[in-house]
Amino acid sequence: MPEIGSLRALANGESQFVGSSSGVYFINTVRRAFSSASDVTPDNDASNKGLRDDPSPEDCIVGGDEPPGAHGSSEATTAVAADERDPNPGPGEQFSPLSAGSDLVSDLTKLPDYSVARKLVLTYFRIWHPLVPFLQGPDCLAELDTLYTFNEFDRRDVALLSKLIIFRCIFNIARLDMGEKPDIGAAAIRSGSDLLPTLSLLALRSDACSIQALLSAQVYFISIMSLRHASSVGGLISKSIYQSGMHRCPVRYGHLSSDERSMRKRIFWSFYVLDRFVSQSLGHPNGIQDSDIDVCPPGRRDLHETVTRSALSPM
C-alpha cells in the first residue's frame, strides 16, 4: 500500500506533512466515517458542529504551534544583535556568535533560586535520565554549583552557552513532572522561538557538550509534545553526530579515553532512540539509517577493536 499520510497547505505558503505511520490516515478515515454516519441522524447539526470544533488529528499529533508574533520578536532581537556586531574585529580577536551586543547569555543566566534549581535537576535525573542517559549526573551537579558561583559570564564562551541551555531545558522538563510547579522566573521557556535561534549557534560545532545541549532541547520539545520542533532539532543533531564521528564505534579510536568512549555511546544511542520516536510519531523517514552506524550499545561487549596506528594514520 502506498504512503498516503496527510499533506496540508497552510495560509502562509507553508505545507505540513504527517506520515501514515503516525496514525493520521486511520484517524481521518474513522473521522470521515463518523461524519458520514451523522448525516442520517436527527441531531446532524450538533454532531457536525462537535466534529468541527474538535482539533484536527494533524494538530494533535504535530503540536507546538507558536502563538501569533512569537517568531517576530525573536527575529527582531537577532537582527538588532547582528547590527551591533563589530564587522571588523581587531587582530587576535576571535569571532564569536555571542558578541557583546547580544543578550543571549544575559537572558540565559537569569537562574532560579539554587534550592529550586537543584531540586529540578534531581527530578530530571530521577525520571528522564534513565530513558536517555546522555548526561552525567555528578558532573551536572558540579556544573550547577559552579554556575551559581559565577559573578560574571563570558559572552564568548560557547561551552558555557551549551551548559546554560542544558540547565534551562532541564528546569523546564522537570517542572512538568512536579505537582506544585516551582517558580523558575526568566528561565521558563515560553515558546520554541526562545530556544531555536540559540540552538543554531551550537549546530555549527561538533563537540559533545554542544550535542548534549541540542539533545536537551529535543527532549524538552518532546516532553511538551511539540514534535515539529523536536524533529527540526533532530536534523541539527544528526549532522553534528556525523561531523563528530559519533556514528562510528569509539572503541576503534585509541586516543579516546574510556570515559569519552562511554559518553559518546550514550549520546549516540540517546539520539537514536529520540530519532526513532519522533520519526514514528510524525510518520517521517528516520534521521539516521542503521546501515550508516556501527556503534556498540553501552553496557554490552564491544565487537570492535582499536585500530593500530600506522605510518599513514593521522597524529
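Owing to the predicted nature of the structure, the values given are computational and were not obtained by experimental measurement.

**Concerning the overall build of the protein**
Helices and strands together make up the secondary structure of the protein, namely 12 helices and 2 strands. When the helices and strands of the protein are listed from N to C terminus, the series reads β-β-α-α-α-α-α-α-α-α-α-α-α-α. Within the protein, counting contacts between residues at least 6 apart in sequence, those at least 24 apart form 68% of the total.

**Notes on the pattern of salt bridges**
Applying the stated criterion across every chain yields a total of 5 salt bridges. Close ionic contact of Arg248 with Asp294 constitutes a salt bridge, the shortest N to O distance being 3.7 Å. Taken together, the positions of Arg248 in the loop between α11 (227-244) and α12 (258-282) and Asp294 in the segment after α12 put the pair 46 residues apart, joining distant regions of the chain. Taking relative accessible area as the criterion, Arg248 reaches 31% and is therefore assigned partly exposed. Taken together, the salt bridges that share partners define one network made up of Arg248, Arg252 and Asp294.

**Quick look at the nonpolar core**
With 62 residues, the main nonpolar core has Tyr124, Phe171, Leu195 and Ile241 as its most contacted residues. Ranked by the residues each element gives to this core, the list is headed by helix α8 (residues 158-176), at 12 residues. When residues no more than four places from it in sequence are discounted, the contact partners of Tyr124 are His129, Phe134, Leu135, Ile170, Ile173 and Ala174.

**Quick notes on the layout of surface pockets**
Taken as a whole, the second largest pocket spans an internal volume of roughly 400 Å³. Together, 19 residues line the second largest pocket, and Asp139, Ala208, Cys209, Gln212 and Met263 are the ones closest to its centre. Looking at the lining of the second largest pocket, the elements with two or more residues in it are α7 (137-147), α8, α10 (208-223) and α12. Take the lining of the second largest pocket: its biggest share by element is 6 residues, from α12.

**Digging into α12**
With 25 residues, α12 ought to run about 36 Å at 1.5 Å a step, and its terminal C-alpha atoms sit 36 Å apart, in line with that. Backbone geometry just after α12 places Gly283 at a positive phi near 70 degrees.

**What about the state of the cysteines?**
Applying the stated criterion across every chain yields a total of 0 disulfides. In this structure Cys140 is not part of a disulfide, and its nearest cysteine sulfur, from Cys209, lies 9.1 Å away. The class of Cys140 is buried, set by a relative accessible area of 3%.

**Some words on the confidence of the model for the protein**
Taken as a whole, the protein shows an average pLDDT of 77; of its residues, 65% reach a score of 70 or greater. Note that pLDDT drops below 50 for residues 67-102; the model gives that stretch 29 contacts with residues more than four away or on any other chain.

**Structural notes on α11**
The terminal C-alpha atoms of α11 lie 25 Å apart, and with 18 residues this matches the ideal 26 Å at 1.5 Å per residue to within 8%. Directly after α11, the chain includes Gly245, whose backbone phi takes a positive value near 75 degrees.

Conventions adopted
- Residues numbered from 1 in each chain as written.
- Predicted model: local features only at pLDDT ≥ 70, side-chain atom pairs only at ≥ 80, totals over all residues.
- Heavy atoms only, no water.
- Helix = DSSP H or I, 4+ residues; strand = E, 2+ residues; numbered from the N terminus.
- Contact = heavy atoms within 4.5 Å.
- Salt bridge = Lys/Arg side-chain N within 4 Å of Asp/Glu carboxyl O.
- Buried < 20%, exposed > 50% of the residue type's maximum accessible area, 1.4 Å probe, protein only.
- Core = buried A, V, L, I, M, F, W, Y, C linked by side-chain atoms within 4.5 Å.
- 1 Å grid on protein atoms, 1.4 Å probe; cavity = no way out; pocket = protein on both sides within 12 Å on 5 of 7 lines; lining within 4 Å.
- Points joined across faces, edges and corners; volume = space filled by probe spheres on them.
- Expected span 1.5 Å × (residues − 1).
- Disulfide = S-S within 2.5 Å.
- pLDDT = per-residue confidence, 0-100.

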